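This is what each chain is made of:
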Amino acid sequence: MDSTATLYVVGNINVDLIMGTLDHWPQRGTEVMMNHSELRPGGSAGNCALALEAMEVRHRAVANQGDDGLSAWLGSYFPHSVAHWTRYHCETSLTVGVTHSDHERSFLSNLGHIVRLTAEDVLNQLPLRASEGDIVLLCGTFLCLHLYNEYPLLLSELQQRGFITAVDTGWPPQGWTDDVRQQMAQWLPLCDWLLLNEVETLGLMDAEDLNVAATQLAQQLSKRGGCVVKCGAQGAGCWQSQQHITQPAKPVTVVDTIGAGDSFNAGFLTALLHQQDIATALQWGIAVASLAISTQPRRYPDWHQLQLSAQER
């Protein structure tokens, strides 16, 4: 590992309680017993940071925290980052994820600390000047309500400080409305890498053809990166102004798909951190996501496993 660049992961780090399997929502006033449960750190930023920690990638999780009984437990999973987090007098953000037998899932979330994260909180945790190759990934966009409104200001400042910028918005709870698209249009030109899944890409562009939607999105970005689309079992692709590259995924036995895209982000951006080409970056992203979704308790590859798994593809 010869890269001295750092990947800063910014956004929603919260507690996840994963329970399953449920196929029919219970009748009001009744109780249902689940056959498995797992309490773990989560959120888009949290999942990505945990994968980076496992791979021993130079990184920092940039976030905030509440001050209830779960705050210390959550922070203990991010020992290299938690000392920098802004503390708010509020409850910790918690998501209950209910898994279904078709590998889909449903989520119930409170508001908690993540909605209070601000651009000032983020910028105070970052260097005033980026080192060569430093990347900032913004994720959980629509869940970090305060920060979301400050994206134009934040991304502009990140560009001025010399960071490579990447964004994984996730799905907006209000849907892909015209207001959401107009708000994103204000900051897309300040974004180098946009990392979405297939459904999000089509929804953002209000399109039915993935190639058309991703091509149009790539044209709206800064032209320093590209639009990356995660397509689940089909693999992933990257659209840039001059090229379009896809990489397939090998079949795996799926155990838990929660955080699959976040795990992909960790692998993909790690490759960029180490000056790998786009094809290799897609391979690394797929390799990290494939192991994450096929293990329980969840595992991520270490650095050597990542190299081997990517070479086998």
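Everything quoted here is computed from the prediction, not taken from an experiment.

**Student:** Even after reading the chapter, I still don't get the overall build of the protein chain, so can you show me in this structure?
**Tutor:** Counting secondary structure elements, the protein chain contains 11 helices and 14 strands. In terms of C-alpha radius of gyration, the protein chain reaches 18 Å, essentially the compact-globule figure of 20 Å for 313 residues. Dimensions of the protein chain, computed from the C-alpha atoms along their principal axes, are close to 55 × 45 × 45 Å. Buried positions account for 54% of the 313 residues belonging to the protein chain. Long-range pairs, those at least 24 residues apart, make up 68% of the contacts in the protein chain with a sequence separation of at least 6.

**Student:** Is there a simple way to think about the sheet that holds strand β2 (residues 14–20) in this case?
**Tutor:** Sheets are built from strands paired through backbone hydrogen bonds, the pairs being either parallel or antiparallel. The four strands lie next to each other as β3-β2-β7-β8, forming an open sheet whose pairing is mixed. Looking along the sheet, the strands with just one partner apiece sit at the ends: β3 (36–42) and β8 (105–109). This sheet shows a mean twist of 20° between the axes of neighbouring strands, independent of strand direction. Note: strand β7 (residues 94–99) against β8, five bridges, orientation antiparallel. If you follow Val-96 over to β8, its bridge partner there is Leu-108.

**Student:** Can you help me understand the sheet that holds strand β9 (residues 135–139) in this one?
**Tutor:** Spatial ordering of the open sheet is given by β4-β1-β9-β10-β11-β12-β13-β14, a layout of eight strands whose pairing is mixed. Across the chains shown, the open sheet's two edge strands, defined by having one partner strand only, are β4 (59–62) and β14 (244–247). Neighbouring strand axes in the sheet, compared pairwise and without regard to direction, differ in orientation by 15° on average. Bridge count between strand β10 (residues 164–168) and strand β11 (residues 193–197): two bridges; the pairing is parallel.

**Student:** Would you mind going over the nonpolar core with me for this structure?
**Tutor:** Grouped burial of nonpolar side chains is what soluble globular proteins tend to show. Formed by 48 residues in total, the largest nonpolar core has its most connected members in Leu-137, Phe-264, Phe-268, Leu-269 and Leu-282. Sorting the residues of this core by element identifies β1 (7–10), α1 (44–54), β9, β11, β13 (236–239), α9 (260–273), α10 (278–293) and α11 (303–311) as the ones contributing at least two each. Here this core gets nine residues from one element, more than from any other, and that element is α10. Setting aside chain neighbours within four positions, we find Leu-137 in contact with Leu-7, Tyr-8, Val-9, Val-10, Cys-48, Ala-166, Val-167, Asp-168, Leu-195, Asn-265 and Leu-269. If you look at the next biggest cluster of nonpolar residues, it comprises 42 residues, including Tyr-8, Tyr-151, Trp-176 and Met-184.

**Student:** Please clarify how the UniProt feature "domain: Carbohydrate kinase PfkB" (unreviewed entry) in the protein chain should be interpreted in this entry.
**Tutor:** In this numbering, the UniProt entry assigns the feature "domain: Carbohydrate kinase PfkB" (unreviewed entry) to residues 7–295. The span residues 7–295 is 33% helix and 22% strand, and its two end C-alpha atoms sit 25 Å from each other.

**Student:** When you look at helix α6 (residues 178–187) in this model, what are you seeing that I'm missing?
**Tutor:** A turn of α-helix holds 3.6 residues, and therefore any two residues three or four places apart point the same way. Three or more residues of α6 are buried, namely Val-180, Met-184 and Trp-187. Projected down its long axis, α6 shows its buried positions confined to an angular sector of 55°, all on one face. Residues of α6 that are exposed and angled more than 90 degrees away from the buried face: Asp-178, Asp-179, Gln-182 and Gln-186. Residues of α6 that are buried in the fold lie against α4 (145–149), α5 (151–160), β10 and α7 (198–205).

**Student:** It is not clear to me how the packing of α9 against α10 should be interpreted in this structure. Could you clarify?
**Tutor:** Each pair of packed helices can be described by the angle between their axes along with the distance between the axes. α10 packs onto α9 with a crossing angle of 145° between their chain directions and a minimal axis gap of 7 Å. Crossing of α9 against α10: the hand is right-handed. Along the contact surface, α9 presents Ala-260, Ser-263, Phe-264, Gly-267, Phe-268, Thr-270, Ala-271 and Leu-272, while α10 presents Ile-278, Ala-281, Leu-282, Trp-284, Gly-285, Ile-286, Val-288, Ala-289, Ala-292 and Ile-293. When grouped by side-chain class, the residues that make up the contact of α9 with α10 number 14 nonpolar, four polar and no charged.

**Student:** Hey, could you run me through the state of the cysteines in this one?
**Tutor:** By definition, a disulfide links the sulfur atoms of two cysteine residues through a covalent bond. Scanning all chains against the criterion turns up zero disulfides. The thiol sulfur of Cys-238 is not disulfide-bonded, and the nearest other cysteine sulfur, from Cys-227, lies at 7.7 Å. Residue Cys-238 is classed as buried on the basis of its relative accessible area of 1%.

**Student:** Sorry if this is basic, but what is going on with the packing of aromatic side chains here?
**Tutor:** The description of an aromatic ring pair rests on the distance of the ring centres and on the angle between the ring planes. Inspection of the entire model under this criterion finds 11 aromatic pairs. Here the aromatic rings of Trp-73 and Tyr-77 are separated by 5.1 Å at their centres, their planes lie at 65°, and the arrangement is edge-to-face. Relative accessible area serves as the criterion here: at 37%, Tyr-77 is assigned to the partly exposed category. One aromatic cluster is present, formed by Phe-142, Tyr-148, Tyr-151, Trp-171, Trp-176 and Trp-187 through successive ring pairs.

**Student:** Mind showing me how you'd approach unusual backbone geometry here?
**Tutor:** Trans is the common state for peptide bonds, and a negative phi is the common state for residues other than glycine. In this model, Gly-20 is joined to Thr-21 through a cis peptide bond whose omega is 5°. When you line up the elements, Thr-21 lands in the loop between β2 and β3. In this structure, the amide linkage connecting Gln-296 to the following residue, Pro-297, adopts the cis form with an omega of 0°. With a phi close to 60°, Glu-56 is a non-glycine residue in the positive phi region. Here Glu-56 lies in the loop between α1 and β4. The backbone phi angle of Lys-223 is positive, close to 75°, even though this residue is not glycine.

Here is what the cut-offs are and how they apply
- Residues numbered from 1 in each chain as written.
- Predicted model: local features only at pLDDT ≥ 70, side-chain atom pairs only at ≥ 80, totals over all residues.
- Heavy atoms only, no water.
- Helix = DSSP H or I, 4+ residues; strand = E, 2+ residues; numbered from the N terminus.
- Rg over C-alpha atoms; globule rule 2.2 N^0.38 Å.
- Buried < 20%, exposed > 50% of the residue type's maximum accessible area, 1.4 Å probe, protein only.
- Contact = heavy atoms within 4.5 Å.
- Pairing = 2+ DSSP bridges.
- Axes fitted to C-alpha atoms, helices over the stretch in contact; angles between N-to-C directions.
- Core = buried A, V, L, I, M, F, W, Y, C linked by side-chain atoms within 4.5 Å.
- UniProt positions renumbered as here; feature names shortened; annotations may be inferred.
- Arc of directions from axis to C-beta.
- Left-handed = near helix turned anticlockwise from the far one by under 90°.
- Nonpolar A, V, L, I, M, F, W, Y, C, P; charged D, E, K, R; others polar.
- Disulfide = S-S within 2.5 Å.
- Phe/Tyr/Trp six-rings, centres within 6.5 Å; stacked < 30°, edge-to-face > 60°.

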